[in-house]
Amino acid sequence: DVKVTQSSRYLVKRTGEKVFLECVQDMDHENMFWYRQDPGLGLRLIYFSYDVKMKEKGDIPEGYSVSREKKERFSLILESASTNQTSMYLCASSSHGWGTGSRATQYFGPGTRLTVL
Amino acid sequence: GDSVTQMEGPVTLSEEAFLTINCTYTATGYPSLFWYVQYPGEGLQLLLKATKADDKGSNKGFEATYRKETTSFHLEKGSVQVSDSAVYFCALSQGAQKLVFGQGTRLTINP
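Everything in this summary refers to the structure shown in the same document. Computed from a predicted structure; not experimentally measured.

Broken down by element type, chain A carries zero helices and eleven strands. In sequence order, the secondary structure elements of chain A are arranged as β-β-β-β-β-β-β-β-β-β-β. Relative to the compact-globule value of 13 Å for 117 residues, chain A shows a C-alpha radius of gyration of 14 Å, a close match. Along the first, second and third principal axes, the C-alpha set of chain A runs to 45 × 30 × 25 Å. Residues counted as buried form 49% of the 117 residues belonging to chain A. Taking all contacts inside chain A whose residues are at least 6 apart in sequence as the whole, residues at least 24 apart take part in 57%. Here chain A has roughly 5,700 Å² of accessible surface; of this, 50% comes from carbon and sulfur atoms. When the 16 basic and 14 acidic side-chain charges of chain A are each reduced to a single mean position, those positions are 5 Å apart.

Residue and element names in this part refer to chain B. The antiparallel open sheet is built from four strands, whose spatial order is E3-E9-E8-E7. Two strands close off the open sheet at either side, each with one partner strand: strand E3 (19-21) and strand E7 (56-59). Direction aside, the axes of adjacent strands within the sheet are offset by 15 degrees on average. Strand direction decides the pairing type here: strand E8 (residues 62-65) and strand E9 (residues 75-77), joined by three bridges, are antiparallel. Directly across from Glu63, in E9, lies its bridge partner Glu76.

It is worth spelling out the pattern of salt bridges at this point. All names here are of chain A. Throughout the structure, instances matching the rule amount to nine salt bridges over all chains. Among the ionic pairs, Asp38 bridges to Arg36, the shortest N-O distance being 2.8 Å. Here Arg36 falls in the buried class, since its relative accessible area comes to 9%. The salt bridge partner of Asp38 is Arg44, with a shortest N-O separation of 2.9 Å. You can call Arg44 partly exposed: its relative accessible area is 27%.

Taken residue by residue, the interface counts 23 residues in chain B and 27 residues in chain A. Summed over both sides, the interface between chain B and chain A buries roughly 1,900 Å², with carbon and sulfur atoms accounting for 49% of that surface. At the junction of chain B and chain A, the tally comes to zero salt bridges. Linking chain B with chain A are three residue pairs in polar contact (both at pLDDT 80 or more), by the criterion used here. Where the side of chain B that touches chain A is concerned, the elements lending two or more residues are strand E5 (32-38), strand E6 (44-50), strand E10 (86-93) and strand E11 (99-101) of chain B. Among the elements that make up the side of chain B that touches chain A, the one with the highest residue count is E5 of chain B (four residues). A per-class count over the side of chain B that touches chain A returns nine nonpolar, eleven polar and three charged.

Reading guide: rules and limits
Residues numbered from 1 in each chain as written. Chains lettered and ligands numbered in written order. Predicted model: local features only at pLDDT ≥ 70, side-chain atom pairs only at ≥ 80, totals over all residues. Heavy atoms only, no water. Helix = DSSP H or I, 4+ residues; strand = E, 2+ residues; numbered from the N terminus. Rg over C-alpha atoms; globule rule 2.2 N^0.38 Å. Buried < 20%, exposed > 50% of the residue type's maximum accessible area, 1.4 Å probe, protein only. Contact = heavy atoms within 4.5 Å. Areas by Shrake-Rupley, 256 points an atom, 1.4 Å probe, with all protein chains shown as cover. Lys, Arg positive; Asp, Glu negative; His and termini not counted. Charge placed at Lys NZ, Arg CZ, Asp CG, Glu CD. Pairing = 2+ DSSP bridges. Axes fitted to C-alpha atoms, helices over the stretch in contact; angles between N-to-C directions. Salt bridge = Lys/Arg side-chain N within 4 Å of Asp/Glu carboxyl O. Buried area = accessible area lost by both parts, 1.4 Å probe. Polar contact = N/O pair within 3.5 Å; in protein donor to acceptor, adjacent residues only side chain to side chain. Nonpolar A, V, L, I, M, F, W, Y, C, P; charged D, E, K, R; others polar.

Such coordinate-based values are descriptive only and should not be taken to indicate function.
Take a look at the structure:
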């Protein structure tokens, strides 16, 4: 079974702190994603990566950065946390799956609920 | 841009009732369509998917048919159980492996 793990289930930080959220997958997937989940808004893509050291902005990248130094690990960084970044953060991974039948099945971690005070 | 619209929740049903959660999409091209489920305290799991028009995805008694003419992918189950209580997300993908999600529908099943 695919396993995606996230470093913390719950995290409380103060405004202005630098925050690191870590995600690790064990299935040698090329693609990794960071989303935030807010009530009534569904999941919104923050950043994604197709390969090591590659990153692309999603729909809401402002205030975030990412790092992918190894294939299995994708980190989300809040350079200076703010209260409006209080949210549930979900990491996901998928294989390239270039065949039509295997497109884009993403496997999700359990999420990190971040509270910024 | 691409978008997904789900019926607003929350939805509350009694056990063994029939379930429909509506999902419509707007997209250029021919997206793949997905339903993901999120049980309390967990991440999202893929429930079912369909990759082309008229395909039917099914899993755990749930079904959804890709309707290109109505741009819809409604989720149905004939007889729900308490264990089906969760948040359900409709999503689409085309090209680049990115998913676009609907806002989610919270389903509660009462015994």
